[in-house]
Amino acid sequence: MSKNKFIYGIAAVKFNSTLMGYIEKGSWDWGGTKPESTDVEAEQVPDAPVLTLMQKNGQIAPTFNLIQLDYENFKSALGGTLVETGTEGNKKVTGWKAPTSLVDLHGKWEIDFVSGQTMTIPNGTILANLGGKLTLTEVSKIECQLKVNKPEDGGAPYEINDTLDEG
């Protein structure tokens with residue numbers, strides 16, 4: 001039985017098992033599209049369609065702003081390479097370089113909700129760019145859109161289940 005009949009709050013966002021950083025408050029939007037259908041009309045029935053043919057299910061396409069901009073998060077969301085300094089065995093990440101070729105970042109996504117559920121997206125593609133403003137009153141951000149793709153095994157594009165306790 002579900003722990004809660006409401007879904008609210010982002011507890012954690014993971015991409016390919018890597019914890020993404022802080023998400024800007026109020027920036028998560030499910031986006032997506034409504035279901036599509038075609039109505040079949042009959043001359044003899046002027047007040048309503050006689051049949052509705054379903055064309056496409058509704059879809060989600062979440063957008064959010066990543067505001068914890070450590071170099072690893074740049075790489076996770078935008079691709080590119082990390083800059084490391086130091087000697088072998090004592091290297092430290094000190095920067096990030098933007099990608100020099102087309103970026104295609106896709107994989108498994110998990111969104112843990114504060115309300116006690118986890119959404120799993122087996123095959124999601126992230127589209128992201130550096131955005132926001134560079135001021136003393138707000139932080140820069142990585143503006144992200146998550147495209148939900150059909151899993152390779154043909155299963156459900158996403159699912160929501162009770163979060164399993166790890167421990």
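Up top you'll find the structure we're talking about.
In short, a report on the structure. (Residues numbered from 1 in each chain as written. Predicted model: local features only at pLDDT ≥ 70, side-chain atom pairs only at ≥ 80, totals over all residues. Heavy atoms only, no water.)

1. Brief notes about the overall build of the protein
- A count of helical and extended segments in the protein gives one helix and eleven strands.
- Listed by position from the N terminus, the elements making up the protein come as β-β-β-β-β-α-β-β-β-β-β-β.
- At 21 Å, the protein has a C-alpha radius of gyration far larger than the 15 Å of a compact globule built from 167 residues.
- Its C-alpha atoms put the protein at 80 × 40 × 40 Å along the principal axes.
- Residues classed as buried in the protein amount to 28% of the 167 residues present.
- In the protein, of all internal contacts separated by at least 6 residues, the share reaching a separation of at least 24 is 57%.
- A total of about 11,400 Å² of accessible surface is found on the protein, and carbon and sulfur atoms cover 52% of it.
- Across the protein, 15 positive and 22 negative side-chain charges occur, with their mean positions spaced 7 Å apart. (Helix = DSSP H or I, 4+ residues; strand = E, 2+ residues; numbered from the N terminus. Rg over C-alpha atoms; globule rule 2.2 N^0.38 Å. Buried < 20%, exposed > 50% of the residue type's maximum accessible area, 1.4 Å probe, protein only. Contact = heavy atoms within 4.5 Å. Areas by Shrake-Rupley, 256 points an atom, 1.4 Å probe, with all protein chains shown as cover. Lys, Arg positive; Asp, Glu negative; His and termini not counted. Charge placed at Lys NZ, Arg CZ, Asp CG, Glu CD.)

2. Here's the deal with the environment of Leu127
- Looking at the element boundaries, Leu127 is found in strand S9 (residues 117-131).
- On the basis of relative accessibility, which here comes to 42%, the residue Leu127 falls in the partly exposed class.
- The spatial distance from the C-alpha of Leu127 to the C-alpha of Gly58 is 20 Å, given a sequence separation of 69 residues.
- For Leu127, the residues in contact, after removing those within four places along its chain, are Glu143, Cys144, Gln145 and Lys147.

3. Remarks on a nonpolar patch on the surface
- A cluster of nonpolar side chains, contributed by Phe6, Tyr8 and Val114, occupies part of the molecular surface with about 340 Å² of accessible area.
- Among the residues examined, Tyr8 registers a relative accessible area of 43% and is labelled partly exposed. (Patch = residues over 30% accessible without salt bridge, like charges linked within 9 Å, V, L, I, M, F, W, Y side chains within 5 Å. Salt bridge = Lys/Arg side-chain N within 4 Å of Asp/Glu carboxyl O.)

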